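Examining the three-dimensional arrangement
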Amino acid sequence: MKIDQDVSWMRDGYPATHWKKPDTDSSVVVCNLSPRHCKIADGHMGQCGVRGNVGGELFTFNYGKSVEATMEYIETEAVNHFRPGARILSLGNIGCMMSCDFCQNWRTSQVRHLDQNDVRRYTPEQIVETCRMLGVGVISWTYNDPVVWHEFVVDTSKLAQKAGIVTLYKSAFYIESDAVEELIDCIDIFSISLKSMDEKFYRKFTGGTHLQPVLNMIRKVHAAGRHLELSQLLITGRNDNEAEIRKTNDWVLEHVGRRVPLHYVGFHPAYLYTNVARTGEDILVRAREMALEAGIRYVYCGNMFRNGVSDTRCPECGTLTVRRYGLTAEPVALDEGGCCTGCGASNDVVQALAGRNAEVALETSPDGYRCEEFTWSAEANSVHIEVGFDQQQVCAVRLERLGTDAVPAQNLATGGVLRRLIASRQTDAETGVRVTLPKAARLQFFPVLDRAHFPTSENLAREMAGYREARAAETVRA
Ligand code: SF4
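So, on to the overall build of the protein chain. Counting its regular elements, the protein chain contains 9 helices and 26 strands. For 478 residues, the compact-globule estimate of 2.2 N^0.38 gives 23 Å, and the C-alpha radius of gyration of the protein chain, at 22 Å, lies within 12% of that figure. Seen through its C-alpha atoms, the protein chain measures out along the principal axes to roughly 70 × 60 × 55 Å. Expressed as a percentage of the 478 residues in the protein chain, the buried residues total 61%. For the protein chain, the proportion of contacts with a sequence separation of at least 24, taken over those separated by at least 6, is 69%. Summed over its atoms, the accessible surface of the protein chain is roughly 18500 Å², and 47% of this surface lies on carbon and sulfur atoms. Placing the 53 positive and 60 negative side-chain charges of the protein chain at their respective mean positions leaves the two points 2 Å apart.

With respect to the element layout, Cys38 can be found in the loop between strand S3 (29-31) and strand S4 (39-40). Here Cys38 falls in the buried class, since its relative accessible area comes to 18%. Separated by 159 residues in the primary sequence, Cys38 and Met197 place their C-alpha atoms 25 Å from one another. Residues contacting Cys38, with those up to four places away along its chain left out, are Val29, Val30, Cys31, Gly46 and Gln47.

We now examine the packing of helix H3 (residues 150-162) against helix H4 (residues 177-186). With their axes 9 Å apart at the nearest point, H3 and H4 run at an angle of 20° to one another. The angle between H3 and H4 places the two elements in the roughly parallel class. At the point where H3 passes H4, the crossing takes the left-handed sense. Contacts from His150, Val153, Val154, Ser157, Lys158 and Gln161 of H3 reach H4 at Ala179, Glu182, Leu183, Asp185 and Cys186.

Consider a sheet: its strands pair through backbone hydrogen bonds, and that pairing is either parallel or antiparallel. Read across the open sheet, the 3 strands follow the order S17-S18-S19; overall the sheet is antiparallel. Each of the sheet's edge strands pairs with one partner strand only, and the pair in question is strand S17 (312-313) and strand S19 (328-331).

In this section: the domain arrangement of the protein chain. When the parts come together, some accessible area is lost, and that loss is often what is quoted as the size of the interface. Each domain of the protein chain was delimited in the assignment, giving domain 1 (8-60), domain 2 (65-331) and domain 3 (369-473). Placing the centre of domain 2 and that of domain 3 at their C-alpha centroids yields a distance of 22 Å. Taken together, the contacts link 46 residues of domain 2 with 39 residues of domain 3. Counting the surface lost from both domain 2 and domain 3, the interface buries some 3700 Å², and carbon and sulfur atoms represent 56% of this. When the shortest N-O distance is used, the salt bridge between Glu68 and Arg419 registers 3.0 Å. One can count 16 residue pairs in polar contact (both at pLDDT 80 or more) joining domain 2 with domain 3.

Here the focus is the site of the ligand. Neighbouring residues of the ligand: Cys31, Leu33, Ser34, Arg36, His37, Cys38, Gly46, Gln47, Cys48 and Arg51. Per-class residue counts for the shell around the ligand are 4 nonpolar, 4 polar and 2 charged.

Let us now look at the pattern of salt bridges. This model, assessed by the stated rule, comprises 23 salt bridges. Overlapping salt bridges bring together Glu68, Arg120, Glu386, Arg419 and Arg420 as one network.

What follows is about unusual backbone geometry. At His18, a residue that is not glycine, the phi angle is positive and equals roughly 60°. In this structure, His18 sits in the loop between strand S1 (14-15) and strand S2 (19-20). With phi around 65°, Phe173 is a residue other than glycine that occupies positive phi space. Looking at the secondary structure, you find Phe173 in the loop between strand S12 (166-171) and H4.

Procedures and definitions
- Residues numbered from 1 in each chain as written.
- Predicted model: local features only at pLDDT ≥ 70, side-chain atom pairs only at ≥ 80, totals over all residues.
- Heavy atoms only, no water.
- Helix = DSSP H or I, 4+ residues; strand = E, 2+ residues; numbered from the N terminus.
- Rg over C-alpha atoms; globule rule 2.2 N^0.38 Å.
- Buried < 20%, exposed > 50% of the residue type's maximum accessible area, 1.4 Å probe, protein only.
- Contact = heavy atoms within 4.5 Å.
- Areas by Shrake-Rupley, 256 points an atom, 1.4 Å probe, with all protein chains shown as cover.
- Lys, Arg positive; Asp, Glu negative; His and termini not counted.
- Charge placed at Lys NZ, Arg CZ, Asp CG, Glu CD.
- Axes fitted to C-alpha atoms, helices over the stretch in contact; angles between N-to-C directions.
- Parallel < 35°, antiparallel > 145°, perpendicular 65-115°, else oblique.
- Left-handed = near helix turned anticlockwise from the far one by under 90°.
- Pairing = 2+ DSSP bridges.
- Domains from an automatic or database assignment.
- Buried area = accessible area lost by both parts, 1.4 Å probe.
- Salt bridge = Lys/Arg side-chain N within 4 Å of Asp/Glu carboxyl O.
- Polar contact = N/O pair within 3.5 Å; in protein donor to acceptor, adjacent residues only side chain to side chain.
- Near = heavy atom within 4 Å.
- Nonpolar A, V, L, I, M, F, W, Y, C, P; charged D, E, K, R; others polar.

Here is the structure:
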């Protein structure tokens, strides 16, 4: 792929790290950020589509370029053992070192499909200042994959940590060792998505990548003592069988041990793999049972809105210590140190009570308020709420649950670079959410099909269409 000056985000590059020239007078450069080690000719991009050779030097073209910053829950990132229930600022960029045919965020990860209107520009200072202003304690590097955003992630994470903000890295982790060492110094939480335990799966379905480098880097992070959680998307017809699940459980037990939380996550049909159904709930539940029976202490079903499949129970006495539903969590029997209040055993939960979020006041608006409602459906049990407003001000938004009184209303704040918030179903009885916001503010709903899915207006229309077709096909087969 050539660097194209007609594409606005390709006009300004930023000096990249982790590259070399094969010999001193070569105009070709080799990128060493991911194990692909792309050899890149002058004027061209590497395989990720965002790192390119300009005059014999490597530049990154996505520095500071992001999709809309979004306030979500830490559980959105398959992180259940660090500040349960905490609000996080999620940031995704553009491009990816992989090209999975089932990608859940293909509209931003595969740059040939990127709509330039979805690209925002942020500085490290703006991101940290927004967290400070809104009282958000965690920044999450997520959605497409942060590997190809390396320089911006490192710069911003260092600044965030100096400001007392925790950093979270959600990745498929196809990355080289030197870059991981830099991350270990500035990232607090690693949530790694292991696609499969089968080398052939990586080669065939992820764009020709390999399994072993991913496993090596997971072990490196674990050995460094950073907080680690692992997840695996169970993809219909690909890796959703007991033999595959057993291989994953065995590797986890042998190489990182029974205390590292493991998430088996449901898949929704997306990108080039749409002629199948979502992962069956019975498969997710069975995978969890198998992992628990094998001896892994904390195992969760992801992308399931059902009671009892993502709770934490004390591994010693069985007490329910953190109650979860979908993406939301509430510690109910943990002390500050993450120990069970019933028997005192460690539940391996870091900063267990620090995820409680401060309530903000719904200030009087001179224009008054208006309400809009979003209804949950089989496809979408969460929604991104995008609020248009003057970014200099904090804009408070009230969320009320429809169909139940069990969940109290919440006020949340947007401001700084933050205009999107996630709302997610919290009980079986709920039918939707009512949003109250100042009359003058614009509002747009983006249904979220699964966690860590960043909905853009265009991919949503295509994915929903693909999903409905797949469901119709399943119904006919049944
Ligand atoms: S980060 Fe991009 S350019 Fe660098 S090796 Fe990986 S795919 Fe190639």
